[in-house]
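Per-entry structural report
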Amino acid sequence: MGMTQRQRRSTPAKPRLTARAWADAALVAIGEGGLAAVAVEPLAARLGTTKGSFYWHFANRDALVEAALERWAETNTEETISEVEAEPDVRRRIRLLFAEAIGAAAADPLEVALLATASDPRVAAALRRVTERRVAYVAGLFALLGFPEPEARRRGLLAYTVYLGHAQLGHAVPSVLPGEAEFGAYLDEALDVLMMR
């Protein structure tokens, strides 16, 4: 005996997953196992859905990888910049930016995984876009502190390399980095050196 029309309607429909949910799941997979971990069936299982949901949003795996990289640029760069822009004091904004970025990199291996797969043209293009945006933003903060443009750019680049080095060490050799209790003083000292005239 089949269900009546009324019974069918009363069964709550499972919400359709968004393309963003797939892209976010792909980013988690990249953080765990690099680009090779972006496979439709395991992602569908993780999301509790079917491959059909994937094909509703994406033509193929490459399209998902591209969407995931765009999502990474949006969440790990643009959203962070928007958050710190609320701080009117430029020196404090720089400190907040680096505290947030370093904290996020320590908690999530995604950036390190992306750097490790920089030979992939899609990842290389995303890394270039994101790095140029981040360095330009930090250079702009140094310019607001009164450094002339070429020096602000050099300091922005140096500050970014400090961040990347910290992120890499945090996953490769965390024992060499300061512990949680010393981190604030360590960050203050590093940024004071970068902002010194």
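Residues numbered from 1 in each chain as written. Predicted model: local features only at pLDDT ≥ 70, side-chain atom pairs only at ≥ 80, totals over all residues. Heavy atoms only, no water.

A word on the overall build of the chain
Applied cut-off: The way it works is that DSSP assigns letters per residue, a run of H or I at least four long becomes a helix, a run of E at least two long becomes a strand, and they are numbered from the N terminus. For the radius of gyration, the atom set is restricted to C-alpha positions; the globular benchmark scales as 2.2 Å times the number of residues to the power 0.38. Burial classification: accessible surface area is computed with a 1.4 Å probe over protein chains only, and a residue below 20% of its type maximum counts as buried, one above 50% as exposed, and the rest as partly exposed.
In terms of regular secondary structure, the chain is built from 10 helices and zero strands. Written out in order from the N terminus, the α and β elements of the chain read α-α-α-α-α-α-α-α-α-α. The globule rule puts the C-alpha radius of gyration for 197 residues at 16 Å, and the 21 Å found for the chain is more than 25% above it. Across the 197 residues in the chain, those meeting the buried criterion constitute 37%.

As for the packing of aromatic side chains
Both the distance between ring centres and the angle between the ring planes are used here to describe each pair of aromatic rings. Rules: The pairing test for Phe, Tyr and Trp rings, Trp by its six-membered ring, is centres within 6.5 Å, and the orientation test on the planes gives stacked under 30 degrees, edge-to-face over 60, and tilted for anything in between. For a Lys NZ or an Arg CZ to count as sitting over a ring, it must be within 6 Å of the ring centre and within 35 degrees of the ring normal.
All chains considered together, the criterion is met by six aromatic pairs. When the centroid spacing of 5.5 Å and the interplanar angle of 65° are considered together, the rings of Trp22 and Phe54 count as edge-to-face. With Trp22 in helix H2 (residues 19-33) and Phe54 in helix H4 (residues 51-57), this pair connects stretches of sequence that are 32 residues apart. Across the pair, Phe54 and Trp22 agree in class, each one buried. A connected cluster of aromatic rings, assembled from ring pairs, spans Trp22, Phe54, Tyr55 and Phe58. In this arrangement the basic side chain of Arg197 is found over the ring face of Phe147, its NZ or CZ atom lying 4.3 Å from the centre.

Thoughts on the side chain of Thr117
Heads up, the condition is: Contacts are residue-level and defined by heavy atoms, with any inter-residue pair within 4.5 Å sufficient.
Tracing the backbone shows Thr117 in the loop between helix H7 (110-116) and helix H8 (121-144). Accessibility expressed as a relative area gives 18% for Thr117, which makes it buried. The contacts of Thr117, once residues within four sequence positions are left out, are Leu35 and Val123.

Quick notes on the packing of helix H5 (residues 61-84) against H8
To be explicit about the condition: Note on method: axes are straight lines fitted to C-alpha atoms, helices fitted across the in-contact stretch only, with angles between N-to-C directions ranging 0 to 180 degrees. Every angle not falling under 35 degrees, over 145, or within 65 to 115 is termed oblique; those three ranges are roughly parallel, roughly antiparallel and roughly perpendicular. Residues were grouped as follows: Ala, Val, Leu, Ile, Met, Phe, Trp, Tyr, Cys and Pro as nonpolar; Asp, Glu, Lys and Arg as charged; and all remaining residues, including Gly, as polar.
The contact between H5 and H8 brings their axes to 10 Å, and the two run at 10°. As the angle between them shows, H5 and H8 are arranged roughly parallel. Here the residues of the contact of H5 with H8 sort into 11 nonpolar, two polar and nine charged.

Section: the packing of H2 against H5
Two elements in contact, H2 and H5, have axes whose closest approach is 8 Å; the angle formed by their N-to-C orientations is 85°. Comparing the axis directions of H2 and H5 gives the class roughly perpendicular. Contact with H2, carried on its side by Arg20, Trp22, Ala23, Asp24, Ala26 and Leu27, involves Leu64, Ala67, Ala68, Arg71, Trp72 and Glu74 of H5 and no other residues of that element. Among the residues making up the contact of H2 with H5, the classes are represented as eight nonpolar, no polar and four charged.

Describing the confidence of the model for the chain
Applied cut-off: You can read pLDDT as the predictor saying how much it trusts each residue, on a scale of 0 to 100.
Taken over all residues, the pLDDT of the chain has a mean of 91, while the share at 70 or more is 92%. Confidence, expressed as mean pLDDT per element, reaches its minimum in the chain at helix H1 (residues 5-10) with 48 and its maximum at H8 with 97. Every residue in residues 6-13 scores below 50 in pLDDT, and together they form two contacts with partners more than four places removed in sequence or on other chains.

Quick word on the pattern of salt bridges
Here is the rule we go by: Salt-bridge detection follows one rule: a side-chain nitrogen of Lys or Arg within 4 Å of a carboxyl oxygen of Asp or Glu.
For the coordinates displayed, the defined rule picks out 15 salt bridges. Among the ionic pairs, Arg93 bridges to Glu85, the shortest N-O distance being 3.3 Å. Judged by its relative accessible area of 8%, Arg93 is buried. Of the residues examined, Glu85 reaches a relative accessible area of 39% and is grouped as partly exposed. As a salt-bridge pair, Glu87 and Arg92 come within 3.5 Å of each other at their nearest N and O atoms. By sharing partners, the salt bridges in this structure join Arg20, Asp24, Arg71 and Glu74 into a single network.

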